[in-house]
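Geometric and topological summary
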Amino acid sequence: MSNDPDIERNVRRTVGIAALKRIRRLVDADNELEAGKQRWARRLSIAFLLAAVLVLAWMLIR
C-alpha cells in the first residue's frame, strides 16, 4: 500500500463528508421527532383548554 498523501487526504475527506451526512440525517430525524411532539403538545393544550371552558360554561349555566 502506498503512502500517497493525496490519496490519504481524499480518503479522509470522503470519510469525513460521509460522517457529516450521517450526523445531519440523525439531527434531521431528531428535529422531526421534536416537531411532532410539539404538535401533539399544542393539540392537547387546546383540547384541555376547550374542555376547561366547557366545564366552566356548564357550571355557570347549571
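In short, a report on the structure. Given the structure is predicted, the values throughout are model-derived calculations rather than measurements. (Residues numbered from 1 in each chain as written. Predicted model: local features only at pLDDT ≥ 70, side-chain atom pairs only at ≥ 80, totals over all residues. Heavy atoms only, no water.)

For the rest of this paragraph, the subject is the overall build of the protein. When its secondary structure is counted, the protein shows 1 helix and 0 strands. Radius of gyration (C-alpha) of the protein: 27 Å, far over the 11 Å computed for a compact globule of 62 residues. Expressed as lengths along the three principal axes of its C-alpha atoms, the size of the protein is roughly 90 × 10 × 5 Å. Burial status across the protein gives 2% buried among its 62 residues. Counting 12 positive and 7 negative side-chain charges, the protein places the centres of these two groups 12 Å from one another. (Helix = DSSP H or I, 4+ residues; strand = E, 2+ residues; numbered from the N terminus. Rg over C-alpha atoms; globule rule 2.2 N^0.38 Å. Buried < 20%, exposed > 50% of the residue type's maximum accessible area, 1.4 Å probe, protein only. Lys, Arg positive; Asp, Glu negative; His and termini not counted. Charge placed at Lys NZ, Arg CZ, Asp CG, Glu CD.)

This brings us to the pattern of salt bridges. Per the counting criterion, the structure on display carries 4 salt bridges. Of the charged contacts, one joins Arg9 and Asp6 as a salt bridge, the two residues approaching to 2.4 Å between their closest N and O atoms. Of this pair, Arg9 and Asp6 both sit in helix H1 (residues 5–61), 3 residues apart, roughly one helical turn. Relative accessible area serves as the criterion here: at 41%, Asp6 is assigned to the partly exposed category. A salt bridge links Lys37 to Glu34, with the shortest nitrogen-to-oxygen separation between them at 3.7 Å. (Salt bridge = Lys/Arg side-chain N within 4 Å of Asp/Glu carboxyl O.)

Here we come to the environment of Ala51. Along the chain, Ala51 turns up in helix H1. The exposure class assigned to Ala51 is partly exposed, which follows from its relative accessible area of 36%. Distance from Ala51 to Val11, taken between C-alpha atoms, is 60 Å for residues 40 residues apart in sequence.

Considering all chains together, one arrives at 0 aromatic pairs under this definition. Above the face of the Trp40 ring, Arg43 is positioned so that its terminal group lies 5.3 Å from the ring centre. (Phe/Tyr/Trp six-rings, centres within 6.5 Å; stacked < 30°, edge-to-face > 60°. Lys NZ or Arg CZ within 6 Å of the ring centre and 35° of its normal.)

The next subject is the environment of Gly36. Relative to the helices and strands, Gly36 is located in helix H1. When the C-alpha atoms of Gly36 and Ile61 are compared, they prove to be 37 Å apart, with 25 residues separating the residues in sequence.

With that settled, the discussion passes to a nonpolar patch on the surface. A cluster of nonpolar side chains, namely Ile7, Val11 and Val15, defines an oily patch on the protein surface of about 270 Å² accessible area. Counting through the fold element by element, Ile7 comes out in helix H1. (Patch = residues over 30% accessible without salt bridge, like charges linked within 9 Å, V, L, I, M, F, W, Y side chains within 5 Å. Areas by Shrake-Rupley, 256 points an atom, 1.4 Å probe, with all protein chains shown as cover.)

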